[in-house]
Amino acid sequence: MVMTELGPPTTTGKLALRDARFAWSMLLPTVAIISIVVILPMLAIFWISFKPIKLPDLRPTVPLVQESFRTTEDGYTIRYRIRNSSQAIPISDVFFEDTIPKSVSITGMPDFCAMLTPEQLRCDLGDLEPGFRETYNIPITITSDADAVEEIVEDSEPNIKGVSNSKLTNFEFTLDNFIKLFDSKEFFTVLWTTLFYTFFGTIGALVLGLFVALLLNSSFKGQGVLRGLFLFPYVAPVIAVAFTWVNLLDPFSGSINALIIQMGITDESINFFGEKPLALIMVTLFEVWRYFPLSFLFILARLQAVDSDMYEAADMDGASPFQKFWYLSIPQIMGILSILFLLRFIWTFNKFDDIFLLTGGNAGTRTLTVNVYEQAFAIANIGAGAAVAVVVMVFLFLFSILFFRYLNQEEGL
């Protein structure tokens, strides 16, 4: 057996190592920004989803103190109102310190209070139970005008501290949010609604975008103006176009209802956004209409990059327009169609504002993202809302993995 001795790294290897280190150092700011903007919020959602936390629990549990100057029959007092900000979490080792003006002399105080200095009062309150409220009066004498003393006393803020166990930051976890989510029959209804809205909204936007791209894939007078008009649904503010749709389709004052009644299509108004399953169909059509321009732009750009010689050869061979479309155009744009399907599926699955503006999630149009909003903010159940958000993330993650695996097998990558 021949033994070979490895020599020191070559100059080329050292340069490559140095270039790699330099490249990573340049990428570090980008990685840090992505971690802060994307990864940390995702980890926070996972964290909250395993906690039985309500919206008020996001506020830290702290002891509160309010100081006031009072005149009584026996003289003057400084009143301290102490309370626990939480109705469920106790606070331990509570104390507060307050600066006493020079013109004020304390004549008596509770056993748990003491003067650290002639002007510094400290009161150790111990543990405060949930919902604790108590008032303490400390008698004083004053050597100056009462109004001036009152202003000084009430302008000063006592420094109060305590130790509490926050539901948000402790290490107590539960699966109750997910158990309640999957035990609910409503969840599967919402999931089916989301899949219907996402799938048909995505397919509809791709098909309509493909049709418009084929229509405009030739030169004619006014082509630029027509392309700009087709882009209007995508570039217009969503609140404006949603408001327009709602008003046009209003069952009482909408122009569409008035038109179809006059034409004899129906005898009474149709509540397009208030009846099942019509409301779901309408919000899906709105999704198709609003986002087909994105598909149209990408498909048209790809079609215009196709070599025209193939179509000329097909014409010479007597190919029909459908044959040219199916055997020449489709293979050329299949890649961009796949990417558009993936992106539109993810974006539509996460879509919230369109449905919320059109129906508010009523009449069978509640999707998972609308459910996140209703759980987290409408009924103030942050933990349940986070659990739904985790389900959305996991579903889209699995969908993306399966999509790329299938795409790689189809394209032989």
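The structure contained in this document is the topic of the report that follows. (Residues numbered from 1 in each chain as written. Predicted model: local features only at pLDDT ≥ 70, side-chain atom pairs only at ≥ 80, totals over all residues. Heavy atoms only, no water.)

Brief notes about the packing of aromatic side chains
This is how the line gets drawn: Centres within 6.5 Å are what make two rings of Phe, Tyr or Trp a pair, Trp counting through its six-membered ring; a difference in plane orientation under 30 degrees is then read as stacked, over 60 as edge-to-face, and the rest as tilted. In DSSP terms, a helix is any run of H or I states spanning at least four residues, a strand is any run of E spanning at least two, and both are numbered starting from the N terminus. Type-normalised accessible area, obtained with a 1.4 Å probe on protein chains alone, sets the label of each residue: buried when under 20%, exposed when over 50%, and partly exposed for intermediate values.
Throughout the structure, instances matching the rule amount to 30 aromatic pairs. Ring centres of Trp 47 and Phe 171 lie 5.8 Å apart, and the angle between their planes is 75 degrees; on these two criteria the pair is classed as edge-to-face. Note that Trp 47 is positioned in helix α1 (residues 11-49) and Phe 171 in the loop between β8 (159-164) and α3 (176-183), a separation of 124 residues in sequence. In this structure Trp 47 comes out as partly exposed when scored by relative accessible area, which is 31%. Residue classification places Phe 171 among the exposed positions, given a relative accessible area of 68%. Relative to Phe 399, the ring of Phe 341 lies with its centre 6.4 Å away and its plane at 55 degrees, an arrangement referred to as tilted. Here Phe 399 lies in helix α14 (residues 382-411) and Phe 341 lies in helix α11 (residues 321-349), a separation of 58 residues in the sequence. When its relative accessible area of 17% is taken as the criterion, Phe 341 is described as buried. Feature note: the residues Phe 341, Phe 345, Phe 349, Phe 395, Phe 399, Phe 403 and Phe 404 constitute an aromatic cluster, connected by ring pairs.

A few points about the pairing of strand β1 (residues 63-72)
Counted only if it meets this: We treat two strands as partners when DSSP finds at least two bridges between them.
The pairing of β1 with strand β2 (residues 75-84) spans ten bridges and is antiparallel. Of the residues in β2, the one forming a bridge with Thr 71 is Tyr 76. Between β1 and β2, which follow one another and run antiparallel, lie two residues.

Focus: unusual backbone geometry
Of the consecutive residues Lys 276 and Pro 277, the connecting peptide bond is found in the cis state with omega at -10 degrees. With respect to the helices and strands, Pro 277 occurs in the loop between α8 (255-262) and α9 (278-304). A positive phi angle, near 55 degrees, is found at Asp 93, a position not held by glycine. Residue Ala 363 is not a glycine yet carries a positive backbone phi of 60 degrees. Looking at the secondary structure, you find Ala 363 in the loop between α12 (353-358) and α13 (368-378). Taking relative accessible area as the criterion, Ala 363 reaches 18% and is therefore assigned buried.

Section: the state of the cysteines
Threshold: To count as a disulfide, a pair of cysteine sulfur atoms needs to be within 2.5 Å.
Evaluated as defined, the whole model comprises one disulfide. Through a disulfide, Cys 113 is tied to Cys 123; the S-S separation comes to 1.9 Å. Here the S-S torsion is close to 110 degrees, and the disulfide linking Cys 113 with Cys 123 is therefore right-handed. Highlighted residues: Cys 113 in strand β5 (residues 113-117) and Cys 123 in strand β6 (residues 120-128), separated in sequence by ten residues. Of the two residues examined, Cys 113 and Cys 123, each falls in the buried class.

Some words on the sheet that holds strand β3 (residues 91-99)
Rules: Axis lines are fitted through C-alpha atoms, for helices just across the contact stretch, and the angle between N-to-C directions can take any value from 0 to 180 degrees.
The antiparallel open sheet is built from four strands, whose spatial order is β5-β6-β3-β8. The open sheet has two edge strands with one neighbour each: β5 and β8. For this sheet, the mean inter-axis angle between neighbouring strands, taken without regard to orientation, is 20 degrees. Note that β3 and β6 share seven bridges and pair antiparallel. What sits directly across from Phe 95, in β6, is Asp 124.

Comments concerning the sheet that holds strand β4 (residues 104-106)
What counts is decided by this rule: Here, two residues are considered to be in contact whenever any of their heavy atoms come within 4.5 Å of each other.
Pairing in this open sheet of four strands is antiparallel, and the strands run β1-β2-β7-β4 from one edge to the other. Two strands in the sheet have a free side with no partner beyond their single neighbour: β1 and β4. Each strand axis lies, on average, 35 degrees off the axis of its neighbour in the sheet, ignoring direction. By the bridge criterion, three bridges tie β4 to strand β7 (residues 133-142) in an arrangement that is antiparallel. From the neighbouring strand, Val 104 faces β7, where its bridge partner is Ile 142. This element, helix α2 (residues 146-155), spans β1, β2, β4 and β7 of the sheet and lies at about 175 degrees to β1.

Things to note about the environment of Thr 365
To keep it simple, the criterion reads: Under the rule applied, a polar contact is a pair of N or O atoms within 3.5 Å (in protein, one hydrogen donor and one hydrogen acceptor; residues adjacent in sequence only if both atoms are side-chain atoms).
You can see Thr 365 is positioned in the loop between α12 and α13. For the pair formed by Thr 365 and Val 283, sequence separation is 82 residues and the distance between their alpha carbons is 7.8 Å. Here Thr 365 is in contact with Thr 193, Ala 279, Leu 280, Val 283, Ile 355 and Thr 359, once residues within four sequence places are set aside. A polar contact is formed between the side chain of Thr 365 and the side chain of Thr 359, at a distance of 2.6 Å.

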